[in-house]
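Chain residues, written in single-letter form:
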Amino acid sequence: MGIRDRLSRLLAEAAADAEAIEHDGAWWTWGQVQETARQVGEALDAAGLPEGARVGVVLENRPEHVAVVAAVIASGRCLVMLSPLQPAVRLAADITGCELPVVVSGAEPLAREGVLGAVTAHGAALELGADGALRPAGGTAPAEAPANPGVVVEMLTSGTTGPPKRVHLRTGQLDQALVSGGQTPKAERLLSRSASLVATPLVHIGGLWRALACLATGRRMLLMPRFAVGPWVSVVERHRLRAASLVPAAIRAVLDADVPKERLASLQVVTSGTAPCPAELADAFFRTYGIPVLMTYGATEFAGAVVGWTLPLHERWWQRKAGSAGRAFDGVELRVTGEDGAELPVGRTGRLEVRTEQSTRGGRAWVRTSDLARIDADRFVWIEGRADDAIIRGGFKVQPETVKRVLETHPAVREAAVAGLPDARLGEVPVAAVEAEPGRPAPEVAELVVLCRGRLTPYEVPAHIVVVDALPRTPSSKVSRVELLDLVRGRLAEQERVKEDRR
């Protein structure tokens, strides 16, 4: 049963009094989800939107928004993700660029300057109340709306390297992703008493995948507005969860908070994705709590993870393969190729290519990723940076991951990030920001420069290094290189002002 059919059945048959979504300590029942979905369906029908029509949703981590997602997908229409996490001007520009016939949003995003006008310039706005009630907020849906048949979701990427892109996820892709992730429900069971935690933004693939996985299996959804250590621990403890997901930054946060081991005693495993999880961080979590961290690798274009660790793999291989992204999941083929596209021998580093039904191109085409990787003789995948992150400094190629690893050897550096700053003479120069280790004196920039000069070639040494309390991050907790460059530019401008004042 595919995800569209599964959601249709839940909206039609799930017991109205059954618990569906916990949010801020209160439960939404399936009856409430069904009522909101009914209103959405009626409004889209009244607007004349046929199957395959594109519907925009400004998606927040709230139960009523999950109901809208379920309603749009179940109806056979295409869900177009709009992020409330971006500034008003960017949200308005995104809506304008999409030219959507209908946009569903909570009141707060629509009240931002320019957003409602961007919606009504092309279509109708529907305001979604916290109680799940839907009301017209202005505009009129066009008589003929463009459709995107066969596409379930137009999904936003995380936007760590520039403006977010929109990836079209097909029906078969999502069905395969949920099947390969072990989310296929038992045919005779509609609802389950087990529960799963969703703590990442629904507007990104990690959050959406986990929410759809809950719906696909009928599990109760524990939906957090955003990740915070205290509420996350409370949910794990109250529901005696056996599995949960944490991005690397959140793993650090749990360790830093010194959460008592007994509060996480129910957890048997933690999965980690969205960004590479350093082996030493996973080891620290395992030593502290006795809970293995299972890394995964994937992308929005693959509707989730395609490589990862399992508990049996961790028990057998972790000591020898710590730092690997794991092995390919069932139904996923991998290879590594050179710049000429020829497949490389085992153990050689090149561009990672993936073939799977989870791909936007289907299961017959190899998709060339932007990631540099090697696959060893035991079929473990080692991600070694991104090909498109390479910084060309005066004709010399600098891999940010190489510089990052050196900076992180300093005992006072918790995490480093490196990006290319445009330069009139050299094209680009590497610049870095380092997050200081709490409880230690912040490292001096001069020491970091000396460290780099001792371990790197001259052209790899960052032209500028800034020390910060916390690295800038996207809502999915990846380091934002866009904001990193803004931060470096700000520090350079500040230094110039100081120099001018001294003259």
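Quick notes on the rules
- Residues numbered from 1 in each chain as written.
- Predicted model: local features only at pLDDT ≥ 70, side-chain atom pairs only at ≥ 80, totals over all residues.
- Heavy atoms only, no water.
- Helix = DSSP H or I, 4+ residues; strand = E, 2+ residues; numbered from the N terminus.
- Polar contact = N/O pair within 3.5 Å; in protein donor to acceptor, adjacent residues only side chain to side chain.
- Contact = heavy atoms within 4.5 Å.
- 1 Å grid on protein atoms, 1.4 Å probe; cavity = no way out; pocket = protein on both sides within 12 Å on 5 of 7 lines; lining within 4 Å.
- Points joined across faces, edges and corners; volume = space filled by probe spheres on them.
- Axes fitted to C-alpha atoms, helices over the stretch in contact; angles between N-to-C directions.
- Left-handed = near helix turned anticlockwise from the far one by under 90°.
- Nonpolar A, V, L, I, M, F, W, Y, C, P; charged D, E, K, R; others polar.

Is there a simple way to explain the side chain of R414 in this structure?
Examined against the element boundaries, R414 turns out to sit in strand β23 (residues 413–423). Only 2.4 Å separates the side chain of R414 from the side chain of D256, close enough to count as a polar contact. Those residues in contact with R414 that sit more than four places away from it in its chain are R252, D256, E435, A436, E437 and P438.

I would appreciate a short explanation of empty space enclosed by the protein in the present structure.
In this approach, a probe sized like a water molecule rolls over the atoms, and the result shows the empty space that is left. Under the definition given, this model contains one cavity of 30 Å³ or more. If you add up the space inside the largest cavity, you get close to 40 Å³. Lining the largest cavity are V66, V69, L202, L208, A211, L212 and L215. Those elements that place two or more of their residues in the lining of the largest cavity are α3 (63–74) and α8 (205–217). Ranked by residue count, the leading element in the lining of the largest cavity is α8, at four residues.

What exactly am I supposed to notice about the packing of helix α1 (residues 3–13) against α8 here?
Packed helices, taken two at a time, are described by their axes: the angle between them and the distance between them. Across the interface, α1 lies against α8 with an axial gap of 9 Å and an inter-helix angle of 60°. Where α1 crosses over α8, the two elements pack in a sense that is left-handed. Facing α1, whose interface residues are I3, R6, L7 and L10, α8 presents L212, L215, A216 and T217. Along the lines of polarity and charge, the residues of the contact of α1 with α8 split into six nonpolar, one polar and one charged.

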